[in-house]
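# Survey of secondary and tertiary structure
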Amino acid sequence: MLDLNTQEAAENFNRARSGGDSPRSSTNRSGRGKARGRRGGRKGRADRWSGLTTGMDTEVLALPSEDSLPLPRAQQNPQEMFEQNMERLSALLDSSPCPAEPERSAASSWSVRQQKASDRWEEARPYHLRCLLESEAVGKPLCCFCHKPAVIRCRDCLPEQWFCGACDMHNHSKRPLHNRDSVVDGFFKAIPPSTCISRGETGIYATHEQDRILPTMPAQHCTCQDPSFTVEAGKPVILITINGRYDLRLPRYVCQTCLQQWAPDVRDLVRSGYWPASANASTIYTVDLLGGPPVDTFQELKLISPGFSRQAFAKLLEHRTLCAGR
């Protein structure tokens, strides 16, 4: 619109200099009435215009020529118009400051983190499942000590977790609280600490039971100067730990010098970390299970979950016992 007005003004000015008609307004008026003011009508306007142009014959008025005037938008190339507009837009974007990112609330940040963690777990779940299935494959393991075919796996003995029958009896005779698995049947099967596996002459594996002795601190009850005693299986005892129930035997010490025999009393059991659950100590449990230093497992569970009862705690221990094959 500005270009058209400029061109029309230049034409009116040239017409006025050449003595032609007075410059016309760009606005078309359909009904021309009587002009207002002291000098109305076209004559007044022409006089005013001639007064403005007096003395301008000797001067050169620098007006844009028709060749230098910009083309109307209808005559411009659309591609050029698009490029010009894009340049203007880029200049505006570069000159304007970037708006600061809105601060996220703590709730939205937490939800975003949880969503990202869930997405990462969703991506890793197939690989974790494949690793779990591979860990359940028995394969053909060898004993970590004699390199014979292994029949027992004990994760409590990591990194040496594979045992043949003979090495298992040698190593676990003094470690009755370890949880072991048999691989004879081609899969992992939990077995109690009293079960042993041996291979017969025909190459067939057979299981048999063997007494396991409660691990305690050795105590001397004889007066021999250089005692030499052996340890035998004594009366049965039930041990309760955080892993469940163990059916073991109390140790019975026999002095080879004076042939005196004795079994651990309450003092020896307490020094070994046990506490009698009955007067005759037929059932004992570890001190840290129901109220002893440094850890009181049941009381800690009560603090975390006040509704947790002793009966529920006993069922938990029973379930762990069954899962361990005892």
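Read on for an overview of the structure.

Reading the values: rules and limits
Residues numbered from 1 in each chain as written. Predicted model: local features only at pLDDT ≥ 70, side-chain atom pairs only at ≥ 80, totals over all residues. Heavy atoms only, no water. Pairing = 2+ DSSP bridges. Helix = DSSP H or I, 4+ residues; strand = E, 2+ residues; numbered from the N terminus. Salt bridge = Lys/Arg side-chain N within 4 Å of Asp/Glu carboxyl O.

One open sheet accounts for five strands, arranged E9-E8-E7-E11-E10; its pairing is mixed. The open sheet has two free edges, formed respectively by strand E9 (261-262) and strand E10 (274-276), since each of these has just one partner strand. By the bridge criterion, three bridges tie strand E7 (residues 229-241) to strand E11 (residues 283-286) in an arrangement that is parallel. Bridge pairing in E11 links leucine 239 to isoleucine 284.

With that out of the way, let us pick up the pattern of salt bridges. Any two side chains of opposite charge can pair if their charged atoms end up close together. Applying the stated criterion across every chain yields a total of six salt bridges. With its nearest N and O atoms 3.0 Å apart, the salt bridge here joins arginine 153 to aspartate 181. With arginine 153 in strand E1 (residues 152-154) and aspartate 181 in strand E3 (residues 180-182), the pair connects residues that are 28 residues apart, well separated along the chain. The partner of aspartate 247 in a salt bridge is arginine 245, with the nearest N and O atoms 2.9 Å apart.

On to the sheet that holds strand E2 (residues 162-163), then. Taken together, four strands build an open sheet; the order of strands is E2-E1-E3-E4 and the sheet is antiparallel. Strands with a single pairing partner mark the edges of an open sheet, and in this sheet they are E2 and strand E4 (189-191). Sheet topology places E3 next to E4; three bridges connect them, and they run antiparallel. Looking at the pairing, aspartate 181 lines up with alanine 190 of E4.

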